[in-house]
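What follows is the residue order along each chain.
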Amino acid sequence: MDKANLESKIVTAMLLAVVIVGSIWSKAYLYADEFIQAVMETTMGREETSLTQQEIQKEFLDKMPFKRMMIDLNGTMAQMLNLRELYKNSGGVVLSNGYVSGIYGVTTTNYEIQQIVELKEFLDEKGIQLLYVNEPTKYFDDTVIEKDMGKQTYINANADLLLERMAEADIDYIDLREIYTGLGFDSFDLFYRTDHHWTVRAGKIAAEAIAAELNRKYGYNIDLALYEDERFFVTHYENAWLGEQGRKLGTSFVGMDDFDLILPNYYTDYTVTYTGGNTFAGAFEDVLVRQEIYSSELNSNVYEAPSWHYSYMAGGLSESVVCNNMNLEGKKILVLGDSFDQVTVPFLSLGVSEIQTLVLRNYKESLREYIEEHDIDTVIIAYASIMIGTHDNEDSANYDMFDFS
Amino acid sequence: MSTIDVIFLFIFLPAVFMTSALKHKWRKYVLLLLSCFFYACGSPVFFSLLAAAVVINVFLAYLLQKLKRNSYLAICILVLGIIFNIGGVFYYKYYNFVIENLNCILGTSFGVKNLLLPLGISFFAFKSISLLADVYCGKVVLGKNPVDSALYLSFFAQITSGPICRYNEFYAENTDFARGGYYFVLGFVKKVLLANVLSIITVEVFGMDLSKTTPAFLWLGAICYSLQLYYDFAGYSDMAVGLGEMCGISCCENFNYPYMTASVSEFWRRWHISLGSWFRDYVYIPLGGSRTKSKGRTYLNLFIVWFLTGIWHGANWTFIVWGLLYFIVISFEKIFDLPKKIHSKAGRAAYRACSLVFINLQWVIFNSANLQSGLAYIKGMFVSSGDGLANHRTAILLREYGIFIVAALLFATPIASKLKSWLSENDRRNQVGSIVMAGILCLLFIWAVSFVIAGQNNPFLYGNF
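Report follows, based on the coordinates. (Residues numbered from 1 in each chain as written. Chains lettered and ligands numbered in written order. Predicted model: local features only at pLDDT ≥ 70, side-chain atom pairs only at ≥ 80, totals over all residues. Heavy atoms only, no water.)

1. Looking at the overall build of chain A
Helices and strands together make up the secondary structure of chain A, namely 14 helices and 12 strands. Projected onto the principal axes, the alpha-carbon positions of chain A cover approximately 90 × 50 × 45 Å. Burial status across chain A gives 54% buried among its 405 residues. Sequence-distant contacts, at least 24 apart, represent 71% of the contacts inside chain A between residues at least 6 apart. For chain A, the computed accessible surface area is about 17,000 Å², with 50% contributed by carbon and sulfur atoms. (Helix = DSSP H or I, 4+ residues; strand = E, 2+ residues; numbered from the N terminus. Buried < 20%, exposed > 50% of the residue type's maximum accessible area, 1.4 Å probe, protein only. Contact = heavy atoms within 4.5 Å. Areas by Shrake-Rupley, 256 points an atom, 1.4 Å probe, with all protein chains shown as cover.)

See below:
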């Protein structure tokens, strides 16, 4: 047997093994029929009754039993070769400190400021207060990315520009970057490595800062002692979960994240109505945190496990109402938020009587009608800086986040 | 569906393997069905167009075979066939380009159409024309079964991006399943591990605002694009050759270490060989080639070939200019008999380097959205305009992707072939070497599959042509 022949035979035997074993293991035959049907229907120009080719491919890939193994293999190789940007289109880039992060383009903020100013005018007419909260991203300083990746990012520059224009338009805001820096935090301490969200602790600090601002400027009398650290239980989970970004890169590349479950150690009493109208009554830990998400049964496969970040306000932030029955002050706050607020709203609710929440990318009705109908005292727009500029891209899932009409 | 999709790997490919268990006479029917299905997956809207084009071309080919060569009717049918195929390409690929340019030049306002490009239309048209012309010339004798011709025109491994294989090569019957598997794996690895990874750099560099770039950054992008395009297309071609061999179908190799060229003319004898030989056999030689009475006519023939080569790649002035620049340089080499006239080793090395730089700059134009941006990019490669950040970025890219760039540069040379021939000098070394090299390729293939499953996948660049 000559050499070339032997080499070809070994390689071809491996190819056959990979393809046939992979095909049987992934039960590809179950998808073949569906796939043929989808192709036939599209080709014949019939009204599509089945899934599209892309949907079948996605389903096939998602249910592939060796997908996790292959992602881990890919992640291991990426880590060994230091390919930090390999997943930039799906998960993000990996910074030198191991944090998965995004790189963001520049925006004019014209749309955002125009929408905020118009909303402010509308709210002023109705006698409703407005507060904008700028929630940071993993880095407070854009030069972090320049030094680490040699690339320009504009997320903080975009936020600075928007806040500057809001100051000129006499619109109140809190820049949480200043709050955290003032408390001596490094930005990365406040975020997960494998998820784009901030930690529960960061959300709690943000809630305290908002409460302080409501007291200072908006005539609230929130007891800030409710937010003191000694009034909370903290349960620390080490290497417990994998964030959304980490799922794209694999645990072998970016490892797992820790998680702090923070619950008040004092008596609480809530009535919470979540997205869809389901109402629950009980204590903070029962109705605002779904703790079964941390169970080992749900986390046997970290790639398929529910996101731990969403264990707070697990019933959804869209059109939810959180009533704190222990607080009878009576003011109603509407939070226009994003997923960062999953861990802000529960803590903010400790000091106020009612918080209603809307996520505008999911809310298709008129915001102004909602405000008029719900007797709101204060509107808080609490957005992560990554929301600024999303209106520049029509395909963005967050395209409507600044549409306050 | 492309040959690097999970659906292809785990659903379509097992079906292809199964065909090897069939008797030869049945296998071609199944392969034709699989080819139809493959095309329907990639271009469902145009499947009926493909089916009609296959039927018409096969019918015309049989008609030509029946007629006497040089007869008036045979010439008419051949011309009709060529017009039919070129007409299809013109309509779908160039109609809007012509209308837009007419409107621009004449100030007219003809409307453009919202046309999608049928998958692999240029490759299909060229194969069809070669079939008709070869049957007309008697180089190809069709058998009784029209399925042979239909399979030749629609074979799934070649329909999207070639190679533009000839009918007689296609049925050469010197195939080997194991060799096919080896080529498929090799092509898969080239495409996924080299072309796709290098594309991370090229997409970034070519998408960058030029005012923020530096020459080092732009050179890196240009060199990576040259390598990416090579591994993308050579990877596809290897996979096409491999799939063909596994199906008992032979196919010519399309690349022969093109960047090892000593001149620009030689480059085109090493790059996309099947396209170059198609233009030689069906355009250049029929026009008279270089055996014409006047030198002017020879260069006119060359001009026509390079103009067509340029525009074949796409309806854009960048491609036309790209083709015409090749015409100029290749004519220059022909007139001065270069590089043969250069006798010193250093001179030849310098000429080789200049040729590679020219080819590299040509790929910049090829990859640019328009001439202006292409020329601005080339200018930026020599004149500094950006700040230090781009140089910092260049260093980071080199540090992170250096291993891929070095591997791409190394395997663009015949280093692996040289190593193989050295190993084959000794029996024991030969055995061990085979096992080690096969093992490395197997590991690379599994790594490449992990890229596909992890979603790190890109379409083939030549799928656009």
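That shown, we press on.
2. Side note on the packing of helix H4 (residues 67–80) of chain A against helix H19 (residues 427–453) of chain B
Closest axis-to-axis distance for the H4(A)/H19(B) pair is 8 Å, and the angle between their directions is 110 degrees. With respect to H19(B), the element H4(A) is oriented roughly perpendicular. When you trace H4(A) past H19(B), the crossing you get is left-handed. Of the residues in H19(B), those touching H4(A) at Lys67(A), Met70(A), Leu73(A), Asn74(A) and Met77(A) are Ile446(B), Trp447(B), Val449(B), Ser450(B), Phe451(B) and Ile453(B). Here the residues of the contact of H4(A) with H19(B) are counted per class, giving 8 nonpolar, 2 polar and 1 charged. (Axes fitted to C-alpha atoms, helices over the stretch in contact; angles between N-to-C directions. Parallel < 35°, antiparallel > 145°, perpendicular 65-115°, else oblique. Left-handed = near helix turned anticlockwise from the far one by under 90°. Nonpolar A, V, L, I, M, F, W, Y, C, P; charged D, E, K, R; others polar.)

3. Quick word on the sheet that holds strand S10 (residues 332–337) of chain A
Residues and elements named next belong to chain A. Strand order in the open sheet formed by 8 strands is S4-S3-S12-S10-S11-S9-S7-S8, and the pairing between neighbours is mixed. The open sheet has two edge strands with one neighbour each: strand S4 (173–175) and strand S8 (279–282). Put simply, the sheet's adjacent strands are angled 15 degrees from each other on average, direction ignored. Relative to strand S11 (residues 354–358), S10 runs parallel, the two being bridged by 5 bridges. Paired with leucine 336 across the strands is leucine 358, a residue of S11. The strands that helix H7 (residues 155–168) touches are strand S3 (129–135) and S4; relative to S3, the one it contacts most, it runs at about 160 degrees. (Pairing = 2+ DSSP bridges.)

4. Section: helix H16 (residues 371–382) of chain B
Residue and element names in this part refer to chain B. Relative to the 16 Å expected for 12 residues at 1.5 Å per residue, H16 spans 17 Å between its end C-alpha atoms, a close match to the ideal helical length. Taken as a whole, H16 has its buried residues at Gly374, Tyr377, Ile378, Gly380 and Met381. The buried residues of H16 occupy an angular sector of 160 degrees when the element is viewed end-on, so they sit on one face. Turned more than 90 degrees off the buried face of H16, the exposed positions are Gln372, Lys379 and Phe382. Lining the buried residues of H16 we find helix H9 (177–206), helix H10 (215–246) and helix H15 (345–367). Its side-chain oxygen 3.3 Å from the backbone nitrogen of glutamine 372, asparagine 370 forms the N-cap of H16. (Expected span 1.5 Å × (residues − 1). Arc of directions from axis to C-beta. Polar contact = N/O pair within 3.5 Å; in protein donor to acceptor, adjacent residues only side chain to side chain.)

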